[in-house]
Structures are given as structure tokens and as C-alpha cells.
Amino acid sequence: MTRSMSGWRAAVAAFAAAAAGHDDALAATIQVELVGVLGVRQQRLPEARVVAALAEPALARAGQATADLERPRLLARLGAMAEEHGELPLAERLLLEAGRQMRAHLPAADPRLAKIEDLLASVYLRGGQLERALDHYRRALDHSEQALGPDHPQVADVLNNLAATYRKLHQIPAQRAALRRALAIVGQLPEYVSTPILLHNLGSLELDAGHLADAEDLYARALAARRARLGGAHPDVASSLA
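Just so it is clear, the model here is predicted, and its values are computed rather than measured. (Residues numbered from 1 in each chain as written. Predicted model: local features only at pLDDT ≥ 70, side-chain atom pairs only at ≥ 80, totals over all residues. Heavy atoms only, no water.)

## Describing empty space enclosed by the protein
Empty space among the atoms can be located by rolling a probe the size of a water molecule over them. To keep it simple, the criterion reads: Within this scheme a cavity is a closed region of a 1 Å grid, computed over the protein atoms alone, that accommodates a 1.4 Å probe without allowing it to escape, whereas a pocket is open but has protein on both sides within 12 Å along at least five of seven lines; lining residues each have an atom within 4 Å of a point. Grid points are joined across faces, edges and corners, and a volume is the space filled by probe spheres set on the points. Secondary structure elements are taken from DSSP: a helix is a run of H or I of four residues or more, a strand is a run of E of two residues or more, and numbering for both begins at the N terminus.
With the rule as written, the count across this model stands at 1 cavity of 30 Å³ or more. Taken as a whole, the largest cavity encloses approximately 30 Å³ of empty space. For the lining of the largest cavity, the secondary structure elements donating two or more residues are α4 (64-84) and α5 (88-105). Top contributing element to the lining of the largest cavity by residue count: α4, with 4 residues.

In C-alpha cells, the structure reads:
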């Protein structure tokens, strides 16, 4: 059984138990989680949208406090699903509304606000609206730093996204600065998922700039980080050697 299927079955069982116990708040929360399991992890968009439609009356029964927290989570999941399937105008509307509702009930130092800004930036980047993507990645960075601290690995992930946007805008010094700061955060964490990606991206930048020795060193470090995380026999490591 895959992890996503086991997660789906566990969530269904938990929902059934909550509904049987007339715990409307828990049942609504689990339904919102089911939308994420179906739509984001399993890519089962039609079923996820059916569950989302059923979640609305559940949220109404759950009470205002639960609805204030869970409805924007539902909108965010629907927005992420729409972005994943290329429905960019719909994704934008859903994510903007999710962000508006979250800001009404959450402090600025909440990582959920960073996630919304990151998702919006992804929508704009995919749609070629580079300046808007840059603005939302900067907002995501600000929320991440407030919520997690400036040296948290997730801050490095936002910096990597920011660097990719700078690259598309041909702002190479800003791209290099973002990647170097990100590496300063995760450079001592070779098993962190983003470490080899950051090393490879900075290596590619230095290669394009003609800094061959720096690029070779960064590519070697990226390979070492992939080996540390995945093992030498993993296909991703083998492809790095090709």
C-alpha cells in the first residue's frame, strides 16, 4: 500500500469516527485534510472537488471558530490543485481569497501565510508575470523569517524560489546572493532535501558566468549531498554522474 493510499484510508476512518461521535469540528477539519490528500498528493482532482463541496456544509455545522481556520485551508488546497493542473486564473482567485481570510485571523508570524504567498508566486511565475511572482516570493520570505527565524531550512527553500525568479528576470547578482544565503543556511545539512538542488543551481550560475573552478566544486558538492541523502545506487545519483 502506498503512503498516499494509507493516508487516505486513515483520514476516511478518522472522519467516520468523528462523524459518528457528532464531533462536527473534527469532521470538518478531516474533510479539509482529505481534499489535500486526494487533490494534492494523489492528483485525483474530481474526487477532491466533490469532498471540498461536502466540506462547506460541514464547516457551517462546525462553528465559526473552526470555519475561520479551516475554510482558508480548504481554499488554499483547492488553489494548489488548480495551479497544479494549469488552471491559473482559478488558482489565483482561490489563493488570494485564502490569503485574505488567513490574514484576518492569523498573526504575520504564521508559516501558513508564507505558504500562501509562495503558492501565489508560483502561479504568477508559471503565468509569466515575473514581477508579481517576485513580489509574492519576497512576501513569503518575510513571513517565513518571522515565523521560523532567518536561518530555518524552509527559508532557504523560499530563497531558492526567489533566485529562480531573479534568473528569469536576468538579475544575476540578486540570484547569486539569494542562492549563497540559502546555502549558508543549509550548507551543513547535506541530507536536507534542497541542499543538492541549491548547490547544483549555484554551480550552473557559476558555469554560465565562466567561473569553471567554482562550478566544478559546487557540482561535486551537489553530488556528494545527493549521495548522503539517497545513497550511491539511487537513479538520481547515477544521472548526476552521466
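Next, the rest of the story.
## Some points on the side chain of D118
Going by this rule: When a residue's accessible area, from a 1.4 Å probe over protein chains only, is under 20% of the maximum for its type it is buried; when over 50% it is exposed; and in between it is partly exposed. Residues counted as positive are Lys and Arg, residues counted as negative are Asp and Glu, and His and the chain ends are not counted. Salt bridges are defined by distance alone: a side-chain nitrogen of Lys or Arg within 4 Å of a carboxyl oxygen of Asp or Glu. Whether two residues touch is decided by their heavy atoms; if any such pair falls within 4.5 Å, the residues are in contact.
Relative to the helices and strands, D118 is located in helix α6 (residues 111-126). Buried and unpaired, D118 has no salt bridge, with K115 as the nearest side chain of opposite charge at 4.7 Å. Excluding residues that lie within four positions of it along the chain, D118 makes contacts with Y137, A140, V158 and N161.

## Considering the packing of helix α8 (residues 153-168) against helix α10 (residues 195-208)
Between two packed helices, the angle of one axis relative to the other and the distance separating the axes together describe the packing. Applicable threshold: Think of each axis as a best-fit line through the C-alpha atoms, taken over the contacting stretch in the case of a helix, with angles from 0 to 180 degrees between the N-to-C directions. Any angle that is under 35 degrees is reported as roughly parallel, and any over 145 degrees as roughly antiparallel; angles of 65 to 115 degrees are reported as roughly perpendicular and all others as oblique. It is the rotation of the near helix from the far one that decides the hand of a crossing: anticlockwise by less than a right angle makes it left-handed, clockwise makes it right-handed. All residues other than Ala, Val, Leu, Ile, Met, Phe, Trp, Tyr, Cys, Pro, Asp, Glu, Lys and Arg, Gly among them, are scored as polar; the first ten of these are nonpolar and the last four charged.
The interhelical angle for the contact between α8 and α10, taken along N-to-C directions, is 25°, at an axis separation of 11 Å. It follows that α8 is roughly parallel to α10 by the angle criterion. For α8 against α10, the interelement crossing comes out left-handed. Taking contact as the criterion, the partners of A156, N160 and R167 in α8 are, on α10, I197, L198, N201 and D208. When the residues that make up the contact of α8 with α10 are grouped by side-chain class, the tally is 3 nonpolar, 2 polar and 2 charged.

## Examining unusual backbone geometry
Its identity is not glycine, yet Q43 carries a phi of approximately 60°, on the positive side. Summarising the element assignment, Q43 is placed in the loop between α2 (24-41) and α3 (45-62). You can call Q43 partly exposed: its relative accessible area is 37%. Positioned with a positive phi, H170 is a non-glycine residue whose angle comes to about 60°.

## Focus: the pattern of salt bridges
Following the criterion strictly, the structure yields 16 salt bridges and no others. Measuring nitrogen to oxygen at the nearest pair gives 3.4 Å for the salt bridge that ties R44 to E47. A salt bridge links R103 to E117; the shortest N-O distance between them is 3.6 Å. Taken as a pair, R103 in helix α5 and E117 in helix α6 lie far apart in primary sequence, 14 residues in all.

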